[in-house]
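Structural description and commentary
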Amino acid sequence: MGSEADPATRKAGIISKIRLENFMCHSSLQIEFGDWVNFITGQNGSGKSAILTSLCVAFGCRARDTQRASSVKDFIKTGCSYAVVIVEIKNQGVDAFKPDLYGEMIIVERRITDSSSSIILKDHKGKKVAQRKIELRELVEHFNIDVENPCVIMSQDKSREFLHSGSEKDKFKFFFKATLLLQVSELLQHIKNQLDAANSVVEELESLIRPVQKELDELLDKIKNMEHIEEIDLQRQILIKKLAWSLVYDVDKQIHDHGSRLEKLKDRVPACQAKIDRQLAKQEELNRLLQTKKMEISSLMEKTSEVRKMQDELQEKLSVAAKEMFELQEEETWGRNSIKKMIKHVELLEHQVHEFHEQYVKDSQVKDGEIESEIRSLQAEVDTVSSSIQRLQEKENKLLEDLLSMKNSARDTLMEIEEYERQHRALQREISELKQCQTNKVTAFGGERVLRLLQAIERNKKKFKKAPIGPIGAHVTLSNGGVWSLAVETAIGRLLDAFVVTNHGDSLILRSCAKEANYSNVQIIIYDFSRPRLHIPDNMVPRTGHPTILSVLHSDRATIINALVDMGSIERQVLVKDYDTGRSVAFEQRPQNLKDIFTSDGFRMFSRGPVQTILPPNKRVRAGRLCNSVGDQISKLEKEAMNLEENIQHGRGRKRDFDAQVQGAERELQSIKRQCLETERSITSKRLALQDLKNGLAAERTVDPLTDASELQQEISRLRLQVQEKETLLQEVERKRESAEDKANSLNLSHENLRESVKEEILAIEEAEKDLLIIEEEMQSAEREKTHYERIMDEKVLSDIKEAESLSQKLHLERQENFEKASKICSETEMESVGGCSEVNSEQLSIQLKRIDRQLRQEKQRFTESIDDLRETYHKKEQKILKKKQTYQAFREKLEACQKALDIRWNKFNRNAALLKRQLTWQ
């Protein structure tokens, strides 16, 4: 039981299990069925027919139609209060019913009580999905389960009637009548004959009014031509009125412009006079400041004259004291130099005494001196080498840290380059695909393999009953450019690569073609090509104010749209602009029939019961397949690729620099390690030698007595006595120099105090002199400005005002004359009612009026009849045929609706008859 399917791949619609509870004679029964044929055996009255009846009840059959009860509550087992029938249906493969809702299994549960009966549809997890009969009807129609048809489920009574019907021909007649095919055929043929007769009558009636309609059209053309003359004459009258008043308005505009100019000129008089007055006031103020500043300078000059004399006397005394101090400093310097020479001579004599002493003990201490000298030398060398080792170790540690940092930077740069290269390769692939798509749109939906598949289909086209349609994406277009391309790609991108065939046989041929073209896993949809485009009622579409995928997707083939509706539910998938709007519609408004929300940037949102789900954009989904502006996308991606190339080159340059730095640091580190090793070896040998010398010196040290150098000591004593005498004289010179320095400092301080006391007065005099020069310059500038504005007042402002006033009087006289002439033609209010004339001037109106006069004369020469007579005639004839037209049109609309319905039913009847003929031939 179920629709046609590929046994290897499709299991949708197969009943896998049925469970009964308190139903008819069964208290609790559970049966698992095989995929194809099942046999149920048992004694009479064991409940075999109850299983078949339970299937009818589960799939919505009325109790009377089962011929087992008059009401569903009669199916409840005696002594029980309820009955339950649960049927599990497999829902796998391409023919699955709403797999996104139900999954791989659909559970139909019908519960019957004494007062009610309910039907619940559940998914494979046992979660309730629907509970209305309309959903159950949609399910049984999808899987072609007609439980009321004896050809689908034949009860015992109908089987008995069929078996006792006589010969095979009688059995077929019974079957033909049982399936109502004979009645449908006769009824459809009768309706067709009636529609043909009705169409003939309507066509004959319509042909009778065609001559009258032609005459009416000719009369209407003549009236329109004559109405054109009336329109021209009306335009002429309007232009005359506008021309008369435009002359008035032109003068008004000139008066207004000259008035504005005159006002501006008059405004210049007080402004110019104000500037002259300001310059006069400025001159008076500057003159007052000039006199005040001169008096201030004279007072300051008298005050500072005495101070200048005192300053000159102090300067002379300061010079004398400085000369005396300089002479004492020279004397002190000479005395210090003499003492230094005597001290050096004493040191020389002491050095001779020391040498004599050394010569005396030389023989005894020569060996100890050499050893001590060698010990000191070795100790200095050991200290030097130790400090060198410490510096080298510090440098080595620093180099190791720098080397590690440089290696990390080089590794990070390499990872960055690899990431840029990966992005660049991906962009190049995408650019290549887009360019290929720009050349051939089909390649966007499968690449080269889809071209090979189409070639294979062309080679085997004679084998198909009807040529496959696909890929689907090549037969659809998007409205609004590429605004919704990413959203539609996210929603139905998988279906865009699919092919549509008309039956199962064509699907097998298409799979062999796909295998020949090396196109594995090609998606195939089986759909009836003869089915007209589906009409989706308004109550089945979510009402959100936002477009659905069905509203933005267009195709010339009705089969494509039908397949996308059935397989992709595009009529229930809504598109919104942004994330916030999508959340509002999906989780707050939650309109009926809404399946998913898709945003323009690829987010998917949906609610399943209390669960709210938001899926982020899929980065692998490309939005350009349905986008019209492929060239813009290619340019944008090429710019991104160029930026990535620049980043790659820059990164490679930085990587080379880091590698060079690492190599240099490693070489330097190796060199430092070698130096450390050599230095450690050297310091070890030196420390051993130093220890040996110290041990030898301790064993051999001795002390000898010294001789007396009396003569040298006497000379040293005499020189030291002379040094003391000179130092006493030097102290006296230092005292005099310090006294002279104190005197010079005192005079210098007095001089500085005097300068500071008169500094403010001197600066004030200098500032006053500068201010005096500035005031004199400003007075000269104010005089020049005043002369300039007086000349402008006389030569420009007053003369221009006089000329403008004269012109304004002339314009007012001209305006009065034009106003009187225009008022005789029409009032100003009437002129404004026809649109006014503010947008055009009188010259343009005059040209238009001449052109319309010439056109009006030409048109009047063409027609001689009265337009009123023509209109009356036209009205009479129009009323005469209008009623007939409306009547015939109503007949035609009803007949067309009937014909459309009849065609649909004929197609279904013929298809079913062909299938029935094929089945009977096989069986």
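See the structure printed just above.
Throughout, residues of each chain are indexed from 1 in the direction in which the sequence is written. Given that the model is predicted, a residue must reach a pLDDT of at least 70 before its local features are reported, and side-chain atom pairs must reach 80 or more before they are shown or counted; all residues, however, enter totals for whole chains, interfaces and linings. No hydrogens and no water enter the side-chain calculation; it runs on all heavy atoms of the structure.

**Considering the overall build of the protein chain**
Inclusion rule: Helix and strand definitions here come from DSSP, where helices need a minimum of 4 consecutive H or I residues and strands a minimum of 2 consecutive E residues; each element is numbered from the N-terminal end. For the exposure calls, accessible area comes from a 1.4 Å probe over protein chains only, and a residue counts as buried if that area is under 20% of its type's maximum, exposed if over 50%, partly exposed in between. Whether two residues touch is decided by their heavy atoms; if any such pair falls within 4.5 Å, the residues are in contact. In this description, accessible areas are obtained by the Shrake-Rupley approach with a 1.4 Å probe, and a residue is regarded as covered only by the protein chains that are shown.
What the protein chain contains, in helices and strands, is 18 helices and 14 strands. Going through the 923 residues of the protein chain one by one, you find that 33% of them count as buried. Partitioning the intrachain contacts of the protein chain with sequence separation of at least 6 by distance along the chain shows that 75% fall at a separation of at least 24. As displayed, the protein chain offers around 58,800 Å² of accessible surface, 50% of which is attributable to carbon and sulfur atoms.

**Let's talk about the nonpolar core**
Put simply, the rule is: Buried Ala, Val, Leu, Ile, Met, Phe, Trp, Tyr and Cys residues that are joined via side-chain atoms within 4.5 Å together make up what is termed a nonpolar core.
By size, the foremost hydrophobic cluster in this structure holds 38 residues, and its most contacted members are Phe59, Val87, Ile89, Ile106, Leu139 and Phe143. Elements with a minimum of two residues in this core: β1 (15–23), α1 (48–58), β3 (82–90), β4 (105–113), β5 (117–122) and α3 (133–142). Take this core: its biggest share by element is 5 residues, from α1. Every residue in contact with Leu139, bar those within four places of it in the chain, is listed here: Ile89, Phe97, Ile106, Val108 and Leu121.

**Digging into the sheet that holds β5**
Hydrogen bonds along the backbone pair up the strands of a sheet, which may run parallel or antiparallel. We apply this condition: Two strands are counted as paired when DSSP detects at least two bridges linking them. Simply put, an axis is a line fit to the C-alpha atoms, just over the touching stretch for a helix, and the angle between two N-to-C directions goes from 0 to 180 degrees.
Strand order in this open sheet of 6 strands is β2-β1-β3-β4-β5-β6, and the pairing throughout is antiparallel. Each end of this open sheet is capped by a strand with a single partner; those strands are β2 (26–32) and β6 (128–130). In this sheet, adjacent strand axes meet at a mean angle of 20 degrees when their direction is disregarded. The pairing of β1 with β2 spans 6 bridges and is classified as antiparallel. From the neighbouring strand, Phe23 faces β2, where its bridge partner is His26. Sheet strands touched by α3: β3, β4, β5 and β6. Its angle to β5, the strand with the most contacts, is close to 55 degrees.

**What to know about the environment of Phe445**
For Phe445, the position within the fold is in the loop between α7 (362–439) and α8 (448–459). By relative accessible area, Phe445 is classed as buried at 0%. Residues Phe445 and Gly493, spaced 48 residues apart in sequence, show a C-alpha to C-alpha distance of 9.2 Å. Ignoring any residue separated from it by four or fewer positions in sequence, one finds Phe445 in contact with Val450, Pro471, Gly473, Ala474, Leu496, Asp497, Tyr519, Arg625 and Leu626.

**A short note on the environment of Arg64**
Along the polypeptide, Arg64 turns up in the loop between α1 and β3. Excluding residues within four positions of it along the chain, Arg64 makes contact with Ala69 and Ser70.

**Some remarks on helix α9 (residues 485–492)**
Within α9, 6 of the 8 residues are buried, leaving the element largely enclosed by the surrounding structure. Among the residues making up α9, those that are buried are Ser485, Leu486, Ala487, Val488, Glu489 and Ile492.

**Observations regarding a nonpolar patch on the surface**
To be explicit about the condition: Patches here: salt-bridge-free residues with over 30% relative accessible area, like charges joined within 9 Å, nonpolar side chains (Val, Leu, Ile, Met, Phe, Trp, Tyr) joined within 5 Å. Each salt bridge in this description consists of a side-chain nitrogen of Lys or Arg and a carboxyl oxygen of Asp or Glu lying within 4 Å of one another.
A surface patch of nonpolar side chains, about 460 Å² in accessible area, is lined by Trp36, Val37 and Phe39. The residue Trp36 is located in the loop between β2 and α1 in this model. Judged by relative accessible area, Trp36 falls into the exposed class, the value being 59%.

**Describing the packing of α8 against helix α10 (residues 504–516)**
Two numbers describe a pair of packed helices, the interaxial angle and the distance between the axes. The line we're drawing: By definition in this entry, angles of less than 35 degrees are roughly parallel, angles greater than 145 are roughly antiparallel, angles of 65 to 115 are roughly perpendicular, and the rest are oblique. Handedness of a helix crossing follows the sense of rotation of the near helix relative to the far helix, less than a right angle counterclockwise being left-handed and clockwise being right-handed. Ten residue types, Ala, Val, Leu, Ile, Met, Phe, Trp, Tyr, Cys and Pro, are classed as nonpolar, four, Asp, Glu, Lys and Arg, as charged, and the remainder, Gly among them, as polar.
At a closest axis distance of 8 Å, the pairing of α8 and α10 adopts a crossing angle of 130 degrees. The orientation of α8 relative to α10 falls into the category oblique. Seen from above, α8 lies across α10 with right-handed handedness. On α10, the residues that touch Leu453, Ala456, Ile457 and Arg459 of α8 are Leu510, Cys513, Ala514 and Glu516. When its residues are assigned to classes, the contact of α8 with α10 shows 6 nonpolar, no polar and 2 charged.

**Some details on α1**
Burial runs high along α1: 8 of the 11 residues are buried. Every buried residue of α1 is listed here: Ala50, Ile51, Thr53, Ser54, Leu55, Cys56, Val57 and Ala58. Against β1, β2, β3, β4 and α3 lie the buried residues of α1. Note on α1: the residue one or two positions beyond its end, Gly60, has a positive phi of about 95 degrees.

**Focus: the sheet that holds strand β11 (residues 573–576)**
The strand order β11-β12-β13-β14 describes an open sheet built from 4 strands, whose pairing is mixed. Strands with a single pairing partner mark the edges of an open sheet, and in this sheet they are β11 and β14 (611–615). For this sheet, the mean inter-axis angle between neighbouring strands, taken without regard to orientation, is 20 degrees. The pairing of strand β12 (residues 596–599) with strand β13 (residues 604–608) spans 2 bridges and is classified as antiparallel. By the bridge assignment, Ile597 is partnered in β13 with Met605. Here helix α13 (residues 579–589) sits on the sheet in contact with β11, β12, β13 and β14, set at roughly 15 degrees to β13.

**Considerations on the packing of aromatic side chains**
Rules: Pairing of aromatic rings covers Phe, Tyr and Trp, the last counted by its six-membered ring, and requires centre-to-centre distances within 6.5 Å; plane angles under 30 degrees mean stacked, over 60 mean edge-to-face, and any other angle means tilted.
With the rule as written, the count across this model stands at 5 aromatic pairs. An angle of 20 degrees between the planes, with centres 5.3 Å apart, marks the rings of Phe23 and Phe75 as stacked. Here Phe23, found in strand β1, pairs with Phe75, found in the loop between α1 and β3; they are 52 residues apart in sequence, far enough to count as distant. Grouping residues by exposure puts Phe23 and Phe75 together as buried. Members of the aromatic cluster, joined through ring pairs, are Phe97, Tyr102 and Phe143.

**Describing the side chain of Arg110**
How we decide: Pairs of N or O atoms within 3.5 Å make up the polar contacts considered here, provided that, within protein, one atom can donate a hydrogen while the other can accept it, and that residues adjacent in sequence are counted only when both atoms are side-chain atoms.
Mapped onto the elements of the fold, Arg110 is located in strand β4. In this structure the side chain of Arg110 is engaged in a polar contact, spanning 2.7 Å, whose partner is the backbone oxygen of Val57.

Purely geometric stuff here, so don't read any function into it on its own.
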